[in-house]
Amino acid sequence: MGRMPSAERRRQLVDAAIRAMTRDGVARTTTRSICAEAGVSLSVFHYCFESKQALLEAAIETINSDYVARVMSAVEPGATLRETVRGALQSYWDHVTAHPGEHMLTYDLTQYALREPGFEHLARAQYEQYVVSAAALVEQVRAMRDIEPRVPVETIARYLAAAIDGLTLQFLVVGDERTASTLLDLTADQLVSLIDG
């Protein structure tokens, strides 16, 4: 392959890692298989990343930032706060139903990090990113509606991250779209109550 800026090469490897891990699982994905997926030599990997741990961290950040960008760009003011909140939740949920393997990967990454000595901090960082992302979303909705939440934004964000995490995992296991929709409605109601009382 021709010369490519290192940032682009890193993104190429991260995207390849996400594809390979989604298909094969985190534990079975090696740096060699990631390089094969990306169509680059192992030396390119070592030039871009100091370790598999660094690549996993970049993959977690990429997956999360892609979700956040997708949801935040889809947030539009609805006629009511609830419509705005429910629309934001739906934009995330549409990705869950369209790409369940990628969402399964996030749980696989968490379990792998928790079980692999020296990787535990990646799982904590992953879940802290979820909270930061949820806070950014709550802030965007709050600003859009010009509302001052009745509880701290961080509390709302931690609730939202936990609720969505649980709903996503339950859907991936059970696959019941009707129940998921009902629970998303309930989550929207709870968020409105927390944001606007």
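Residues numbered from 1 in each chain as written. Predicted model: local features only at pLDDT ≥ 70, side-chain atom pairs only at ≥ 80, totals over all residues. Heavy atoms only, no water.

(A) A look at unusual backbone geometry. The phi torsion at Asp 146 lies on the positive side, around 55 degrees, for a residue other than glycine. Inspection of the secondary structure puts Asp 146 in the loop between helix H7 (120–145) and helix H8 (153–174). Using a relative accessible area of 69% as the deciding quantity, one classes Asp 146 as exposed. (Helix = DSSP H or I, 4+ residues; strand = E, 2+ residues; numbered from the N terminus. Buried < 20%, exposed > 50% of the residue type's maximum accessible area, 1.4 Å probe, protein only.)

(B) Region of interest: the packing of helix H5 (residues 81–98) against helix H9 (residues 177–196). Look at H5 against H9: their axes get within 9 Å of each other, and the N-to-C directions meet at 135 degrees. In terms of orientation, H5 lies oblique with respect to H9. Handedness of the crossing formed by H5 with H9: right-handed. When H5 is examined against H9, the residues Leu 81, Arg 82, Val 85, Arg 86, Leu 89, Gln 90 and Trp 93 are found in contact with a partner set consisting of Ala 180, Ser 181, Leu 184, Asp 185, Thr 187, Ala 188, Asp 189, Leu 191, Val 192, Ile 195 and Asp 196. (Axes fitted to C-alpha atoms, helices over the stretch in contact; angles between N-to-C directions. Parallel < 35°, antiparallel > 145°, perpendicular 65-115°, else oblique. Left-handed = near helix turned anticlockwise from the far one by under 90°. Contact = heavy atoms within 4.5 Å.)

(C) The arrangement of the environment of Phe 49 in detail. Looking at the element boundaries, Phe 49 is found in the loop between helix H3 (42–48) and helix H4 (52–74). A relative accessible area of 3% means that Phe 49 is categorised as buried. A sequence separation of 39 residues divides Phe 49 from Arg 10, and the C-alpha atoms of the two residues are 7.7 Å apart.

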